[in-house]
Amino acid sequence: MPVRELARLTWQEVGEVERELGVAVLPVGALEAHGPHLPLATDVIIAEAMARAGADRLALRGMEVLLLPALVYTAAPFAADFPGTLSLDPTAVTMTITAVAESLARHDFDLLAIANAHLDPTHLGALSSGVEQARQTGRVRVVFPDVTQRPWATRLTEEFKSGACHAGRYETSIVMAARPELVREAVQRQLPPNARSLSTAIAAGQKSFVEAGGPRAYFGYPAEATADEGRNTISVLGAILEEAVMIELARSAG
Ligand SMILES: [Zn+2]
């Protein structure tokens, strides 16, 4: 089955999509400062790469995959003071997720998979609430593999697991693989490491990248990034999305 992009279809074409084996995939990112070397849409690029890789895998299993345009407006309080970061009230995110799920269900797409790449705790909380509320309607199954949690986090790179996972080697590698023309390579190659862990900072109650020890909005080892690592990570992210959908299908069939 081919992966279909919702935004490119006509309403009649959507009407003909087989619902029985259907899954809608929603990439979720942010417009947020990502160091001096990556674009504000970095998490959108990563979410879209994860969504596409997962969609391709699900299509190979014979599923009808409807790829949705990314959700890019969200809460990003850790980066809110950096120029260009757009940070919304988290309730807007919760309501959007629930409303998108319900609107899909109205058209008989009752399985939604979320490919999320934005890891701000406020955003993750809002997303989880939206998923929970959508599930409570009973009309839609929502799959949301949170890559910051087990079992998914253990599949990702060492830098990611260290918590120094913002605009470092992990994210820079993915952008190098997906959108190399958007990486400011001359800057990236010169960036000194910043080993501070955002997970530790969050646990300590810190509320911004500056407080967490990232005055230039990056953590980790961006100079070590490679497109090869990025391609590998995209493949792992796609496999995570695929597996989460398969688990949900097995659960709802059983
Ligand atoms: Zn990011």
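One can find the structure itself at the top, above this paragraph.
Every value quoted in this text rests on a predicted model; they were computed, and no experiment measured them.

What counts as what
Residues numbered from 1 in each chain as written. Predicted model: local features only at pLDDT ≥ 70, side-chain atom pairs only at ≥ 80, totals over all residues. Heavy atoms only, no water. Salt bridge = Lys/Arg side-chain N within 4 Å of Asp/Glu carboxyl O. Helix = DSSP H or I, 4+ residues; strand = E, 2+ residues; numbered from the N terminus. Buried < 20%, exposed > 50% of the residue type's maximum accessible area, 1.4 Å probe, protein only. Donors = N, O, S within 2.8 Å, 3.2 Å for Na, K, Ca; no water. Tetrahedral: all angles 85-135°; square planar, octahedral: opposite > 155°, others 65-115°. Contact = heavy atoms within 4.5 Å.

## Observations regarding the pattern of salt bridges
- Scanning the model with the defined rule gives 17 salt bridges in all.
- For the salt bridge of Arg 141 with Asp 110, the shortest nitrogen-to-oxygen distance reads 3.1 Å. With Arg 141 in strand E5 (residues 141–143) and Asp 110 in the loop between helix H3 (90–106) and strand E4 (111–116), this pair connects stretches of sequence that are 31 residues apart.
- The closest approach of N and O atoms between Glu 158 and Lys 161, which form a salt bridge, is 3.3 Å. Here Lys 161 and Glu 158 lie together in helix H5 (residues 158–162), a separation of three residues that amounts to about one turn.
- The exposure class of Glu 158 is exposed, given its relative accessible area of 62%.
- Taken together, the salt bridges that share partners define one network made up of Glu 5, Arg 8, Arg 52 and Asp 56.

## Quick word on the coordination of the zinc ion
- Distances from the zinc ion to its protein donors, His 34 (NE2), Asp 43 (OD), Glu 171 (OE) and Glu 171 (OE), fall within 1.9 to 2.5 Å.
- Here the zinc ion is ringed by four donor atoms whose angles at the metal span 55 to 137°, and the overall shape comes out irregular.
- For the zinc ion, all donor residues lie on one chain, and their spacing in sequence is H-x8-D-x127-E. Of the two residues, Asp 43 sits in helix H2 (residues 42–60) while Glu 171 sits in helix H6 (residues 169–178), which places them 128 residues apart along the sequence.

## What to know about the side chain of His 37
- Among the structural elements, His 37 can be located in the loop between strand E2 (22–28) and H2.
- Looking at His 37, the relative accessible area reads 0%, which means it is buried.
- Contacts of His 37, omitting those with residues within four sequence positions, involve Ala 167, Thr 172, Leu 182, Val 183, Arg 184, Val 187, Gln 188, Leu 191, Tyr 218 and Pro 222.

Any link to function would need more than the numbers given here.
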